[in-house]
Amino acid sequence: MNKQEININVEQQYRTRYLEDVLTQPQALRGLIKDNGTIQVSMDKWGDEWEETGKPLIVFTGMGASLFAAEIAQSYLSQNGVFSLVLPTSDLVDRLSSIPKDAFLIAISQSGESIEMRELVDILGPRRLYAVTRVPVSFLAQSAHDVVLLDLLPDLSVAIKTYTGTLSLLMLFAARLVEGKDNKMSERILQAADIIEDQLPAWESEAVNLANKMGRPKYTSFLGRGIDQYSARGAALLFKEGAKLAAEASCGGQFRHGAVEVVDSEHFTIYFVPPNTDRRYKRVKASVEELLNLAGRVVTVGTNVPIQQNEKYLSHLSVRDTEDPIIAAIAGIVPVQLLTAYLAKLAGLEAGEFRNTTPVINHDA
């Protein structure tokens, strides 16, 4: 492990474009909810059309961070009796013929200009396509039956506030289907914004300390169960895209079936832990204990610390003041965003700068 010291005093406002995107998320989420009443109107309209057409199968599609945000919404819907699917757009274009003709298709793309989205539109025929995008003049926005605009300033590097914003918007739609027009999802999103704002200083300080302990890890596994496994997928993408570090994501239970063989003295696990009131908590606690008996090291993210920390249990990134899994999913990615920035700095990188591609959130997301 190439461990280096970080000589950064966070009070000196060490900042990059990436970090500015991370730190402005509370304001962005509040703006999305408080200043944009048209989003809720659109979500209600989509819900009405879904009900009027017989509550058909919902199919979310996107790529990258957009896909992982959709997976969290899909998990919430499934837990509440609304059947839905999530497919990468690159797969959907090959499998569209197997999707029911009346399916409620929702395409998510920050730019609205990806190659995959163009291919999908080309083969849709008479099917309706609902779109979530940031760019009103984009190909996707112009081609869709109806569009909801993600009214956020673009991220300056990888998807940061566009990820939490997309997740929030999709949860507004999901709550409309499950709980009706009088749902409280807007209030839950605003609570997530408050939690993020309150805990940002502590998270950033701990990100500096934790980066010192981790150095540049050879390999990191992000784990979670239930809805948390999709947060893990988004976090693994951040490590790869933002810090140029090898990482994978898995369901915690699935990891035990073979993948655990990658654990050695240079391996790190970052485990998303549900509240101790959640039925999955005991299984996650047992998984963390098992991992600590192996050669690698462990970090946890979530409301509750599952076991007493020790020299191999490096840190718990606490998401305080909530037992709500949706609020935790919106807020819990933020400490990992910060950790990504400081792990990138260890290698002299600016988190989110691209070396092999262009910024897909602007051109091909």
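Residues numbered from 1 in each chain as written. Predicted model: local features only at pLDDT ≥ 70, side-chain atom pairs only at ≥ 80, totals over all residues. Heavy atoms only, no water.

Moving on, we get to the overall build of the chain. A count of helical and extended segments in the chain gives 14 helices and 10 strands. Seen through its C-alpha atoms, the chain measures out along the principal axes to roughly 60 × 40 × 40 Å. The buried share of the chain, reckoned over its 365 residues, is 59%. A separation threshold of at least 6 residues defines the contact pool for the chain, and within that pool the share at least 24 residues apart is 73%. Accessible area of the chain: about 14,600 Å², with a carbon and sulfur share of 48%. On the chain, the mean spot of the 36 positive side-chain charges and the mean spot of the 45 negative ones are 4 Å from each other. (Helix = DSSP H or I, 4+ residues; strand = E, 2+ residues; numbered from the N terminus. Buried < 20%, exposed > 50% of the residue type's maximum accessible area, 1.4 Å probe, protein only. Contact = heavy atoms within 4.5 Å. Areas by Shrake-Rupley, 256 points an atom, 1.4 Å probe, with all protein chains shown as cover. Lys, Arg positive; Asp, Glu negative; His and termini not counted. Charge placed at Lys NZ, Arg CZ, Asp CG, Glu CD.)

Take the packing of helix α8 (residues 161–179) against helix α9 (residues 185–214) next. In the contact formed by α8 and α9, the axes pass within 9 Å of each other and the chain directions differ by 150°. Helix-helix and strand crossings are classified by hand; for α8 and α9 the assignment is right-handed. Residues S168, M171, L172, A175 and E179 of α8 pack against M185, S186, R188 and I189 of α9. Here the contact of α8 with α9 is composed, by residue class, of 5 nonpolar, 2 polar and 2 charged. (Axes fitted to C-alpha atoms, helices over the stretch in contact; angles between N-to-C directions. Left-handed = near helix turned anticlockwise from the far one by under 90°. Nonpolar A, V, L, I, M, F, W, Y, C, P; charged D, E, K, R; others polar.)

On to the sheet that holds strand β5 (residues 146–149). The strand order across the open sheet formed by 5 strands is β2-β1-β3-β4-β5, and the pairing between neighbours is parallel. The open sheet terminates on both sides in strands that have one partner only, identified here as β2 (84–88) and β5. In this sheet, adjacent strand axes meet at a mean angle of 20° when their direction is disregarded. The pairing of strand β1 (residues 58–62) with strand β3 (residues 104–108) spans 4 bridges and is parallel. Bridging across to β3, F60 finds its partner in I106. Helix α3 (residues 37–52) rests against β1, β3, β4 (129–133) and β5 of the sheet, and its axis sits at about 150° to β5. (Pairing = 2+ DSSP bridges.)

All right, on to the nonpolar core then. By size, the foremost hydrophobic cluster in this structure holds 96 residues, and its most contacted members are I58, F60, I106, F222 and F239. A total of 15 residues in this core trace back to one element, the largest contributor, which is helix α13 (residues 325–346). In terms of nonpolar packing, the next biggest core, distinct from the first, is built from 19 residues, L105, M117, V121 and A131 among them. (Core = buried A, V, L, I, M, F, W, Y, C linked by side-chain atoms within 4.5 Å.)

A few words on the confidence of the model for the chain. Model confidence for the chain is summarised by a mean pLDDT of 91, while 94% of its residues fall at 70 or above. Contacts from residues 1–13, a stretch scored under 50 in pLDDT, to residues over four places away or in other chains number 27 contacts. (pLDDT = per-residue confidence, 0-100.)

This brings us to the pairing of strand β10 (residues 313–318). β10 sits mainly inside the fold: 5 of its 6 residues count as buried. Of the pairings in the sheet, the one linking strand β9 (residues 297–302) to β10 comprises 5 bridges and is parallel in character. Note on β10: the bridge partner recorded for V299 is S315.

Before going further, it helps to spend a moment on the side chain of D324. In this fold, D324 is placed in the loop between β10 and α13. In this structure the side chain of D324 is engaged in a polar contact, spanning 2.8 Å, whose partner is the backbone nitrogen of I326. (Polar contact = N/O pair within 3.5 Å; in protein donor to acceptor, adjacent residues only side chain to side chain.)

A word on the sheet that holds strand β7 (residues 247–251). As summarised here, the arrangement of the 5 strands in space is β7-β6-β8-β9-β10, forming an open sheet in which the pairing is parallel. Among the strands making up the open sheet, the edge pair consists of β7 and β10. Looking at each pair of strands side by side, their axes are set apart by 20° on average, direction ignored.

What follows is about the pattern of salt bridges. All chains considered together, the criterion is met by 23 salt bridges. Among the ionic pairs, K45 bridges to E49, the shortest N-O distance being 3.0 Å. Here E49 and K45 lie together in helix α3, a separation of 4 residues that amounts to about one turn. Relative accessible area serves as the criterion here: at 36%, K45 is assigned to the partly exposed category. Residue classification places E49 among the buried positions, given a relative accessible area of 13%. One salt bridge in this structure joins E290 and R256, with 2.9 Å as the shortest N-O distance. With E290 in helix α12 (residues 281–292) and R256 in the loop between α11 (252–255) and β8 (267–273), this pair connects stretches of sequence that are 34 residues apart. Since its relative accessible area comes to 36%, E290 is described here as partly exposed. Linked by salt bridges that have partners in common, D44, D48, E51, R176 and K181 make up one network. (Salt bridge = Lys/Arg side-chain N within 4 Å of Asp/Glu carboxyl O.)

Another point: α12. With 12 residues, α12 should cover 16 Å at 1.5 Å per step; its first-to-last C-alpha distance of 17 Å lies within 8% of that length. Of the positions making up α12, those classed as buried are Y281, V284, S287, V288, L291 and L292. Buried residues along α12 cover an arc of 135° about the axis, so they all sit on one side. Residues of α12 that are buried sit in contact with β6 (219–224), α11, β8, β9 and β10. (Expected span 1.5 Å × (residues − 1). Arc of directions from axis to C-beta.)

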